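# Descriptive structure summary
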Amino acid sequence: MSNRAQENSPSHAVMRGIIVGGSIGMIASWFGYEPVKAFFMGILCGIFAAGTRILHDRIRNKDN
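The present account deals with the structure reproduced in this document. (Residues numbered from 1 in each chain as written. Predicted model: local features only at pLDDT ≥ 70, side-chain atom pairs only at ≥ 80, totals over all residues. Heavy atoms only, no water.)

### Structural notes on the overall build of the protein
Our working rule: Secondary structure elements follow DSSP: runs of H or I of four or more residues count as helices, runs of E of two or more count as strands, with numbering from the N terminus. Remark: exposure states derive from per-residue accessible area (1.4 Å probe, protein chains only) relative to the maximum for the residue type, with buried under 20%, exposed over 50%, and partly exposed in between. We get accessible surface area from the Shrake-Rupley algorithm with a probe of 1.4 Å; when it comes to residues, only the shown protein chains can shield them.
Within the protein, the regular secondary structure consists of three helices and zero strands. Beginning at the N terminus, the succession of helices and strands in the protein can be written as α-α-α. Within the protein, the proportion of its 64 residues that are buried is 22%. Of the roughly 5200 Å² of accessible surface on the protein, a fraction of 68% belongs to carbon and sulfur atoms.

Written out as structure tokens, the structure is:
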């Protein structure tokens, strides 16, 4: 069986945030945004989303 705690480690959350955020940023460039600016803004938003996920997991685990 796989270890779910290891799959949801903070580094995985950050990498998923960067990949998904960058992808969404590049899709935004289809609608008129500058590609480089959209890409880096997407990455920044992905990092913030990953940080939120990490904090949520820590608060949830503290209650248990």
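Once the structure has been displayed, the description carries forward.
### Structural notes on helix H3 (residues 35-63)
We apply this condition: Here, expected helix span is obtained from the residue count minus one, scaled by 1.5 Å. In what follows, a contact means two residues having at least one pair of non-hydrogen atoms within 4.5 Å.
For H3, built from 29 residues, the straight-helix expectation of 42 Å at 1.5 Å per residue is met to within 8% by its first-to-last C-alpha distance of 42 Å. All of the buried residues along H3 are Ala-38, Gly-42, Ile-43, Gly-46, Ala-50, Ile-54 and Asp-57. For H3, the secondary structure elements touched by its buried residues are helix H2 (10-28).

### What to know about a nonpolar patch on the surface
Quick note on the threshold: A patch consists of residues exposed above 30% relative accessible area that lack any salt bridge, with like charges linked at up to 9 Å and nonpolar side chains (Val, Leu, Ile, Met, Phe, Trp, Tyr) linked at up to 5 Å. Each reported salt bridge corresponds to a side-chain nitrogen of Lys or Arg within 4 Å of a carboxyl oxygen of Asp or Glu.
On the surface, a cluster of nonpolar side chains totalling about 400 Å² of accessible area is made up of Met-15, Ile-19, Val-20 and Ile-24. Note that Ile-24 resides in helix H2. A residue is classified by how much of its surface remains accessible, and Ile-24, at 54% relative accessible area, is exposed.

### Description of H2
Rules: Taking the helix axis as origin, the arc is that swept by the directions to the C-beta atoms.
The first and last C-alpha atoms of H2 sit 27 Å apart over 19 residues, in line with the 27 Å expected at 1.5 Å per residue. Buried residues of H2: Ala-13, Gly-17, Gly-21, Gly-22 and Gly-25, and no others. Looking straight down H2, one finds that the buried residues subtend no more than 155° of arc, so they occupy a single side.

Functional significance is not addressed by these values, which are geometric in nature.
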